[in-house]
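Each chain, letter by letter, is given below.
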There are 10 protein chains.
Amino acid sequence: MAETKNIAVLDSSIVDRLPISSKTLFEAKAAQGLTFEAIAEALGRSEVAVAALFYGQAQASPEDIIALSKILKLQERVLTEQLAGFPDRGRAGPMPPIEPLIYRLYEIVQNYGYAYKAVLNEKFGDGIMSAISFSTKVEKETDDKGDWAVITLRGKWLPFSRF
Amino acid sequence: MAETKNIAVLDSSIVDRLPISSKTLFEAKAAQGLTFEAIAEALGRSEVAVAALFYGQAQASPEDIIALSKILKLQERVLTEQLAGFPDRGRAGPMPPIEPLIYRLYEIVQNYGYAYKAVLNEKFGDGIMSAISFSTKVEKETDDKGDWAVITLRGKWLPFSRF
Amino acid sequence: MAETKNIAVLDSSIVDRLPISSKTLFEAKAAQGLTFEAIAEALGRSEVAVAALFYGQAQASPEDIIALSKILKLQERVLTEQLAGFPDRGRAGPMPPIEPLIYRLYEIVQNYGYAYKAVLNEKFGDGIMSAISFSTKVEKETDDKGDWAVITLRGKWLPFSRF
Amino acid sequence: MAETKNIAVLDSSIVDRLPISSKTLFEAKAAQGLTFEAIAEALGRSEVAVAALFYGQAQASPEDIIALSKILKLQERVLTEQLAGFPDRGRAGPMPPIEPLIYRLYEIVQNYGYAYKAVLNEKFGDGIMSAISFSTKVEKETDDKGDWAVITLRGKWLPFSRF
Amino acid sequence: MAETKNIAVLDSSIVDRLPISSKTLFEAKAAQGLTFEAIAEALGRSEVAVAALFYGQAQASPEDIIALSKILKLQERVLTEQLAGFPDRGRAGPMPPIEPLIYRLYEIVQNYGYAYKAVLNEKFGDGIMSAISFSTKVEKETDDKGDWAVITLRGKWLPFSRF
Amino acid sequence: MAETKNIAVLDSSIVDRLPISSKTLFEAKAAQGLTFEAIAEALGRSEVAVAALFYGQAQASPEDIIALSKILKLQERVLTEQLAGFPDRGRAGPMPPIEPLIYRLYEIVQNYGYAYKAVLNEKFGDGIMSAISFSTKVEKETDDKGDWAVITLRGKWLPFSRF
Amino acid sequence: MAETKNIAVLDSSIVDRLPISSKTLFEAKAAQGLTFEAIAEALGRSEVAVAALFYGQAQASPEDIIALSKILKLQERVLTEQLAGFPDRGRAGPMPPIEPLIYRLYEIVQNYGYAYKAVLNEKFGDGIMSAISFSTKVEKETDDKGDWAVITLRGKWLPFSRF
Amino acid sequence: MAETKNIAVLDSSIVDRLPISSKTLFEAKAAQGLTFEAIAEALGRSEVAVAALFYGQAQASPEDIIALSKILKLQERVLTEQLAGFPDRGRAGPMPPIEPLIYRLYEIVQNYGYAYKAVLNEKFGDGIMSAISFSTKVEKETDDKGDWAVITLRGKWLPFSRF
Amino acid sequence: MAETKNIAVLDSSIVDRLPISSKTLFEAKAAQGLTFEAIAEALGRSEVAVAALFYGQAQASPEDIIALSKILKLQERVLTEQLAGFPDRGRAGPMPPIEPLIYRLYEIVQNYGYAYKAVLNEKFGDGIMSAISFSTKVEKETDDKGDWAVITLRGKWLPFSRF
Amino acid sequence: MAETKNIAVLDSSIVDRLPISSKTLFEAKAAQGLTFEAIAEALGRSEVAVAALFYGQAQASPEDIIALSKILKLQERVLTEQLAGFPDRGRAGPMPPIEPLIYRLYEIVQNYGYAYKAVLNEKFGDGIMSAISFSTKVEKETDDKGDWAVITLRGKWLPFSRF
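Residues numbered from 1 in each chain as written. Chains lettered and ligands numbered in written order. Predicted model: local features only at pLDDT ≥ 70, side-chain atom pairs only at ≥ 80, totals over all residues. Heavy atoms only, no water.

(A) Structural view of the overall build of chain A. Counting its secondary structure elements, chain A contains six helices and two strands. From first element to last, N terminus to C terminus, chain A shows the α and β order α-α-α-α-α-α-β-β. For the C-alpha atoms alone, the extent of chain A along its principal axes is close to 50 × 50 × 30 Å. Counting contacts in chain A only where the partners sit at least 6 residues apart, residues at least 24 apart contribute 53% of the total. In the structure as shown, chain A presents an accessible area of about 5600 Å², 50% of it carried by carbon and sulfur atoms. Considering chain A, the positive charge centre built from 19 side chains and the negative charge centre built from 21 side chains are found 5 Å apart. (Helix = DSSP H or I, 4+ residues; strand = E, 2+ residues; numbered from the N terminus. Contact = heavy atoms within 4.5 Å. Areas by Shrake-Rupley, 256 points an atom, 1.4 Å probe, with all protein chains shown as cover. Lys, Arg positive; Asp, Glu negative; His and termini not counted. Charge placed at Lys NZ, Arg CZ, Asp CG, Glu CD.)

Next up, the structure:
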């Protein structure tokens, strides 16, 4: 039973604002007792990308669908149908976030947003860090003070076009 | 003149919502033609932390004030007075951000927030990544596709107390 | 299967805020494996107009209904009934947009809105570009830097009446 | 006097939310009686880009500053100082826009946003049209029905990274 | 079929925020192929008032119910039950309106609100034009420039009480 | 003194959000003790248009400026300068309105918006009533029940383009 | 039938945001053709309190439940179950109110709020009028000008504690 | 000194959003040490109306101005000028109110709004209680439980016009 | 029956925004007639924590699930399944709160927020009181003035990291 | 200098939204190098109450003014004048709070609000904990895990009146 605790599941009250694939995927994940780490390994993708895919925030390639159907013991045809089309992103939760964990990330943007901008501008010039040509990962570090979560955001630098 | 372009300065129209120290610090920085990188090195702190300090979003230690007054050629007494007290954080800019660079960071939270939560919960249990017992840095990477901005967020994991 | 990926489908979680015709049309489009390009050609209309019609944001003429029922293999009577009446526009998604692709369009308005106004006023005088007596199209261009999306907005200039 | 009407000037009540350069530039433009068309020609840039620069929404290159100081009869030193740093974009006006001309552009995003997304996704795959690696222009067409404003948006297609 | 186009029907996606009578009335109207003009004539009321009644924004008198049941071929008992009680007004659509036609009316209030107030105050003194002791109508005018919609608002002037 | 009461003046606390011309015009109007009716007659325009012009919501033609400078005893040069450029509309007051008189107009849109749309669509087809190619007037009627304010809105009908 | 008009019923479209007891109570009230006045008399409570109870905004005592079940011909057991627990107040309608009648009350707070505060502070000192230790009633007065509604609010004065 | 406490004064930080007359009136009131009760008596008006007048939310008649200038020892000419024109109501404070005393009044509308509507509709029919043809007063009652504030709202009943 | 009144139950109209476990737990609690005090004692946890767990705002340990299934007479398997995963916090009610009891807590933060910050900063330095490494309890005190609710908030002090 | 760090001062950018007394008091406090603890002792009040008084959120008694003028070396007359009148509460900062320390308190209300309500209702019945007849204090505890902040909220229980 304790193990069940280590598996993220889908809160029944947010099912309605997500695509139908979210319900299918999360239920299969719970039934198989799989972590995102295990699924990410099977797909050769990052854990965050896989979790995003489960929440309907990232696209599955045909190869992902085959791998998912195997590891989650779901019919490939059903997954193909439910994951067809292009993700309608940005809908997992409200902004500003009300979930404390997600709020902390929002607060980092609120507190350090202009500082990031100033430092990035000085390092790269006038432009932005892409959130599309982008990858991210989560790592765990442990030292004598306890555990630390390390989130890395890596985006292509896009200079503003001169026109 | 081209160099001047590489120095982040304070937009005159946001001066009013920042503490008086922001104006003092940014003007001195522009006058000395210093980047945040140079100032950060002098203070032994991260560039982002120094930029945050300039925007009134981080506290200066007495040692920081001495180092700042030297490198920026400002009177220590003036800086001490203007940087007295505790930062009133979160006020650099509006949320949701309207600045495109900062918006991209916000969008990452919006799109991947629940994915981060699911992965962090599976890795650490029920809790949050602290934004207080926290550090962050910005790095530049270059490959054949161009430049990449890499932002690292590192926060202490805080489990929810059982009570 | 890869082809299925190239067909835009209707996210199950937004069905409720659209007219019933949206579900009918998108399901038939998926079943027939048709792109908007193909349907637009059959109707002699722009792709964007046809997609807008699918989202309930544009009106179908009786001729459109006949053409749609043919190409989508739907009963003309059903389509006529579901597409009766006048579109209740503006309801496809939230504003500000949370979908990254749509947000970029919004950001263009936010960043360049006053610049467009100044330039249009100098070219045409005091008035507006109509969004009603209006057409729009999407084109794809490719050069050695990659692919470019080109969106054209063409609206009648309406001068403010003097009264 | 009638000519004065053809020059866009800065509304005194929005000066405070723009950088100090906006006031300098608009006043000089009015004093010289120049249109954005004339200034754009002098800079070799698009009219919209130049208007955006005047509103603090685009960056001036050192060459732009030289050209601007000449045509506007402003001291190069003053312009260099006021245009130093990186634009703090997105602040020209409120969103949703209250100005009727700008609102029409917003309404186009509201009404056609999902239609653009569906068509772009089918043409390009899963990604966005960049608003950074981007250019735009305004043209005037006239036919027997009257004048038409044509706005072209051209942005690099950025596919979502797989990670 | 073309005629069906001339009949306003109820968008299926807004049914839930309206009273149950709206569905009943609009379905019967569509089934009978009646315009609001025809129904208004039968009831001896203004078209706008009748449309408002259909949207649950105005009250039906017992005589209205009898007339409606006749012309719409509905059971008087059903209508009486569904139209019992007092309208819960203001709920037909969101404000600010997202529908372009309704937005134009909103924009008129936004642009001319203070002008109306100044003119009305000078004509009538300190008070308001009632929206309760009020009637409104829509007329169509045609001249060589095309069609014109004329909306008349007529409200009792209520002076602020001195107390 | 009682007469002074009949002249609308500019509330000192909203001066800051209006163009500088508003202050000039309203002060001159008060000094001359003129109503909008008198000024409108001198300009050959509607009272509402003139009041809108005073609030910076409508443009003055060169002829208007001459007439205004005469009747208000203002220097033509000053008026020309302050009224140069194109109005930045929509900024007279907040929306939703907090002023009771203006709120009543907003409430009419809220309560009758969909009813107007249904009736207009049936009378004209799919389109909007323009708020640009538009005029409006205010009239006073008196009967045995008291005074009535009659506001007429007259706008060009614009059908949605088929594209 | 005319009488039915005099009975307030529950709008079907707001049922979902109210507790289940609201539906039960309002349906029984309509079936019995009872006004709030009649029910209030049976319970020995104020009409407003009884209406609030029907909307789930006030608590029913065990005696109220007995009286309600008698007059409304409902099973006491059902009422006891549905009215168990403590009201989750504040949910009857949106704020700002969109219903014209309720908006007028809101407008009174908006217009006179600071005036009430100034007068109450001068009469009672630093504190508030309680909305909990509170009662309210509605009365009808008629004079030669027509009908007047009189609402009385009576709340305990609570001085701010000194600590 | 204790008496000073009993006089409501104007908070310096809200001066900017009120008309200039508010500052004049409140300063004179403080200088003369007068309560609203005393001023109301001199004007023959209700205390709430007088306080509203001080906050720019009610109009002063010529007679009020004479009486005010006497009791407040202000020049009649200054008052006449500052109180000219028609109040721009609704601007004393934000909504929802953040001041606890005013919030309690707002909460009463939130909690009892629908209850008031149901009871008023049953007593008067379909209409509203006017907030314009309206008066209000504040009274103090004392019993063995302490002090009670009693606010009375009295408004003309306005039935919705049938049209 | 009076006792039933002392048991907090779940309002049927908020069930949809809570996880499915909330319905299960509250129904069982009502069926068994248990207070949170009794359940908290059985779990060895604070009442507030247990109520939070019922609202889906706190996590249940495997031991909690066993204890809950016993005292509530629920199947352990059902509870384990419904309480699997990590709470999606922050969703019990809207903010600002509309429930009067919860609003009072919000008002305390609004009124005393900066005062708490100033005092905490002086006592502890630059940092925050954790809401995660945190516990809280509710106590009842009675004196001759009546009953008093005492809420204690106890959180770990987290200093901002210097980086 | 380090000591200066332990004194909370007023951020220059929020001065404008606070009463003038805030600036006077905070500047004197900084000049005297006093903590709220020291001032609270001199006044015989809680530190939080004194800090609230400095932010204009609590009233000073005549005795407080005498004590404040002594300890802060301010003229009694000036303080009396600036602290005259009744606090206009709720204006120290925005809600939701953007300051991280204050946000944590807000988050506690968001996460535990309904839990507090359920527990308080079961302990006290239907009512609220007063935020007016209320006191609060901050304490520091230290154990082997570090420092803990303990905030106590104590409010009178107010049962809803039956009427």
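Now that the structure has been shown, we can carry on.
(B) Molecular detail of the interface of chain J and chain I. Each side of the interface is counted separately: chain J has 74 residues, and chain I has 74 residues. Overall, the association of chain J and chain I removes approximately 7300 Å² of surface from exposure, summing both partners, and the carbon and sulfur fraction of that is 70%. Here chain J and chain I share ten salt bridges between them. Between Glu141 of chain J and Arg154 of chain I there is a salt bridge, with its nearest N and O atoms 2.9 Å apart. Across the chain J-chain I interface, the total number found is 26 residue pairs in polar contact (both at pLDDT 80 or more). Of all elements in the fold, only α2 (36-43), α3 (47-54), α6 (100-124), β1 (127-143) and β2 (146-159) of chain J reach the threshold of two or more residues within the side of chain J that touches chain I. The element contributing the most residues to the side of chain J that touches chain I is α6 of chain J, with 24 residues. Per-class residue counts for the side of chain J that touches chain I are 40 nonpolar, 15 polar and 19 charged. Here strand β2 (residues 146-159) of chain I pairs with β2 of chain J via nine bridges, running antiparallel. Directly across from Ile151 of chain I, in β2 of chain J, lies its bridge partner Leu153 of chain J. (Buried area = accessible area lost by both parts, 1.4 Å probe. Salt bridge = Lys/Arg side-chain N within 4 Å of Asp/Glu carboxyl O. Polar contact = N/O pair within 3.5 Å; in protein donor to acceptor, adjacent residues only side chain to side chain. Nonpolar A, V, L, I, M, F, W, Y, C, P; charged D, E, K, R; others polar. Pairing = 2+ DSSP bridges.)

(C) Expanded view of the UniProt feature "domain: Cyanate lyase C-terminal" (unreviewed entry) in chain A. What UniProt calls "domain: Cyanate lyase C-terminal" (unreviewed entry) maps, in this numbering, to residues 91-163 of chain A. Taken end to end, residues 91-163 of chain A comprises 34% helix and 42% strand; its first and last C-alpha atoms sit 34 Å apart. (UniProt positions renumbered as here; feature names shortened; annotations may be inferred.)

(D) Up close: the sheet that holds strand β1 (residues 127-143) of chain C. One open sheet accounts for four strands, arranged β1(C)-β2(C)-β2(D)-β1(D); its pairing is antiparallel. At either margin of the open sheet sits one strand with a lone partner, and together these are β1 of chain C together with β1 (127-143) of chain D. Strand-to-strand twist across the sheet, computed as the mean angle between neighbouring axes with direction ignored, equals 20 degrees. Pairing geometry for β1 of chain C and strand β2 (residues 146-159) of chain C, over 13 bridges, is antiparallel. Bridge pairing in β2 of chain C links Ser135 of chain C to Arg154 of chain C. (Axes fitted to C-alpha atoms, helices over the stretch in contact; angles between N-to-C directions.)

(E) Structural detail: the packing of aromatic side chains. If you walk through the whole model with that rule in mind, you get 120 aromatic pairs over all chains. Their ring planes at 90 degrees and their centres at 5.1 Å tell us that Phe36 of chain J and Phe54 of chain J sit as a pair that is edge-to-face. Here Phe36 of chain J, found in helix α2, pairs with Phe54 of chain J, found in helix α3; they are 18 residues apart in sequence, far enough to count as distant. It is Lys140 of chain E that lies over the ring of Phe124 of chain F; its NZ or CZ is 4.9 Å from the centre. Directly above the ring of Trp148 of chain G sits Arg154 of chain H, whose terminal nitrogen or CZ lies 4.4 Å from the centroid. (Phe/Tyr/Trp six-rings, centres within 6.5 Å; stacked < 30°, edge-to-face > 60°. Lys NZ or Arg CZ within 6 Å of the ring centre and 35° of its normal.)

(F) Inspection of the arrangement of the chains at higher detail. You won't find any contact between chain B and chain H; their C-alpha atoms come no closer than 16 Å. At no point do chain E and chain I touch; the closest pair of C-alpha atoms across them sits 16 Å apart.

(G) Highlighting the environment of Asn121 of chain J. Relative to the elements of secondary structure, Asn121 of chain J occurs in helix α6. On the basis of relative accessible area, Asn121 of chain J is assigned to the buried category, the value being 2%. For the pair Asn121 of chain J and Asp64 of chain J, spaced 57 residues apart in the sequence, the C-alpha separation amounts to 37 Å. In contact with Asn121 of chain J, other than residues within four places in its own chain, are Phe86 of chain G, Leu101 of chain I together with Asp126, Gly127 and Trp157 of chain J. (Buried < 20%, exposed > 50% of the residue type's maximum accessible area, 1.4 Å probe, protein only.)

(H) Highlighting the UniProt feature "active site" (unreviewed entry) in chain A. Feature annotation in UniProt places "active site" (unreviewed entry) on Arg104, Glu107 and Ser130 of chain A, given in this structure's numbering. Judged by relative accessible area, which is 1%, Arg104 of chain A ranks as buried. A relative accessible area of 1% means that Ser130 of chain A is categorised as buried. Contact partners of Ser130 of chain A, with chain neighbours within four places excluded, come to Gly155, Lys156 and Leu158 of chain A together with Leu158 of chain D.

(I) Summary view of helix α2 (residues 36-43) of chain H. The complete set of buried residues in α2 of chain H reads Phe36, Ile39, Ala40 and Leu43 of chain H. In a view along the axis of α2 of chain H, the buried residues occupy a sector of 100 degrees, so they form one face of it. Buried-residue contacts for α2 of chain H involve α6 (100-124) of chain G together with α1 (20-32), α3 (47-54) and α4 (62-71) of chain H. One or two residues past the end of α2 of chain H sits Gly44 of chain H, with phi positive at roughly 65 degrees. (Arc of directions from axis to C-beta.)

(J) Spatial organisation of the interface of chain I and chain G. Chain I puts 17 residues into the contact, and the matching count from chain G is 22 residues. Here chain I meets chain G over a buried area of about 1600 Å², counting both sides, of which 60% is carbon and sulfur. At the boundary of chain I with chain G, the tally comes to one salt bridge. Connecting chain I to chain G are three residue pairs in polar contact (both at pLDDT 80 or more). A per-class count over the side of chain I that touches chain G returns nine nonpolar, four polar and four charged.

(K) Quick peek at the side chain of Asp64 of chain E. Position of Asp64 of chain E among the secondary structure elements: in helix α4 (residues 62-72). Once residues lying within four places of it in the same chain are set aside, the contact partners of Asp64 of chain E are Leu43, Arg45, Leu53 and Gln59 of chain E together with Arg162 of chain H.

(L) Structural view of the environment of Arg45 of chain G. As for its position among the elements, Arg45 of chain G is in the loop between α2 (36-43) and α3 (47-54). For the pair Arg45 of chain G and Lys117 of chain G, spaced 72 residues apart in the sequence, the C-alpha separation amounts to 29 Å. Beyond its immediate stretch of four places on either side in the chain, Arg45 of chain G contacts Ala40, Val50, Leu53, Gln59, Ala60 and Asp64 of chain G together with Arg162 and Phe163 of chain J. Side chain to side chain, Arg45 of chain G and Asp64 of chain G meet in a polar contact 2.7 Å long.

(M) Representation of the packing of helix α6 (residues 100-124) of chain I against α3 of chain J in the model. At a minimum axis distance of 8 Å, the contact between α6 of chain I and α3 of chain J shows a crossing angle of 120 degrees. Taken together, the axes of α6 of chain I and α3 of chain J are oblique relative to one another. When you trace α6 of chain I past α3 of chain J, the crossing you get is right-handed. Contacts between α6 of chain I and α3 of chain J involve Tyr112, Ala115, Tyr116, Ala118, Val119 and Lys123 of chain I on the former and, on the latter, Glu47, Val48, Ala51 and Ala52 of chain J. (Parallel < 35°, antiparallel > 145°, perpendicular 65-115°, else oblique. Left-handed = near helix turned anticlockwise from the far one by under 90°.)

(N) Molecular detail of the domain arrangement of chain A. Considered domain by domain, chain A is made up of domain 1 (15-83) and domain 2 (100-159). Summarising the inter-unit geometry, the C-alpha centres of domain 1 of chain A and domain 2 of chain A are found 26 Å apart. (Domains from an automatic or database assignment.)

(O) Spatial organisation of the relation of the copies chain I and chain G. For the pair chain I and chain G, the relating rotation is 72 degrees, the translation along its axis is 0.0 Å, and the fit reaches an RMSD of 0.0 Å. Both copies of the chain, as the preceding transformation shows, are related through a five-fold rotation axis. In terms of proximity to the rotation axis, the leading residue of chain I is Asp16 of chain I, whose C-alpha is 8.6 Å off the axis. (Least-squares fit on C-alpha atoms with pLDDT ≥ 70 in both.)

(P) Structural detail: the relation of the copies chain J and chain I. Superposing chain J onto chain I requires a rotation of 180 degrees together with a translation of 0.0 Å along the rotation axis, leaving an RMSD of 0.0 Å. Expressed as a symmetry operation, the mapping of one chain copy onto the other fits a two-fold axis. Of the C-alpha atoms belonging to chain J, the one lying closest to the rotation axis is found on Thr152 of chain J, 2.3 Å away.

(Q) Structural detail: the side chain of Ser21 of chain A. Residues and elements named next belong to chain A. Note on placement: Ser21 falls in helix α1 (residues 20-32). The class for Ser21 is buried, based on a relative accessible area of 2%. Beyond its immediate chain neighbours, meaning those up to four positions away, Ser21 contacts Gln82 and Leu83.

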